[in-house]
Amino acid sequence: MKNNSRRTYPAIRETFICCAALADYLGRSMDYTSKRLNKRAEFSPAEKVAISVAVGQPWEVIAG
């Protein structure tokens, strides 16, 4: 996933090839997804569950 801030959510960035793939998976816009990946806003509880399923790890581990 193209981003200078690779330190945020490394498990998500390893699972999804790009921000657009995560946005498509969540049914959200790229802007919405980018803000959450860069921790300017939080994912919703439902999005956290969906991402946990895709990544194969509990959210607590992903958010580390």
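Located above this text is the structure these notes cover.
This text gives an overview of the structure that appears in the document. Since we're looking at a predicted model, the values are computed, not measured.

So, on to the environment of A41. Topologically, A41 is positioned in the loop between α3 (30-37) and α4 (45-55). Judged by its relative accessible area of 25%, A41 is partly exposed. If we ignore the near neighbours within four places in the chain, the residues touching A41 are K35 and R36.

What α3 keeps buried is the set Y32, T33, R36 and L37. Relative to the axis of α3, the buried residues are bounded by an arc of 130 degrees and lie together on one face. Residues of α3 that are buried sit in contact with α1 (10-15), α2 (19-26) and α4. K39 occupies a position one or two residues after α3 and carries a positive phi of about 60 degrees.

Judged by nonpolar contacts, the single largest core of 13 residues is most densely connected at I12, L22, F43, I51 and I62. For this core, the secondary structure elements donating two or more residues are α1, α2, α4 and α5 (59-63). Among the elements that line this core, the one with the most residues is α2, at three residues.

This brings us to the packing of aromatic side chains. All chains considered together, the criterion is met by four aromatic pairs. Here the aromatic rings of F16 and Y25 are separated by 5.3 Å at their centres, their planes lie at 50 degrees, and the arrangement is tilted. Given the relative accessible area of 9%, F16 is considered buried. Its relative accessible area of 39% is what places Y25 among the partly exposed residues.

Rules and cut-offs
Residues numbered from 1 in each chain as written. Predicted model: local features only at pLDDT ≥ 70, side-chain atom pairs only at ≥ 80, totals over all residues. Heavy atoms only, no water. Helix = DSSP H or I, 4+ residues; strand = E, 2+ residues; numbered from the N terminus. Buried < 20%, exposed > 50% of the residue type's maximum accessible area, 1.4 Å probe, protein only. Contact = heavy atoms within 4.5 Å. Arc of directions from axis to C-beta. Core = buried A, V, L, I, M, F, W, Y, C linked by side-chain atoms within 4.5 Å. Phe/Tyr/Trp six-rings, centres within 6.5 Å; stacked < 30°, edge-to-face > 60°.

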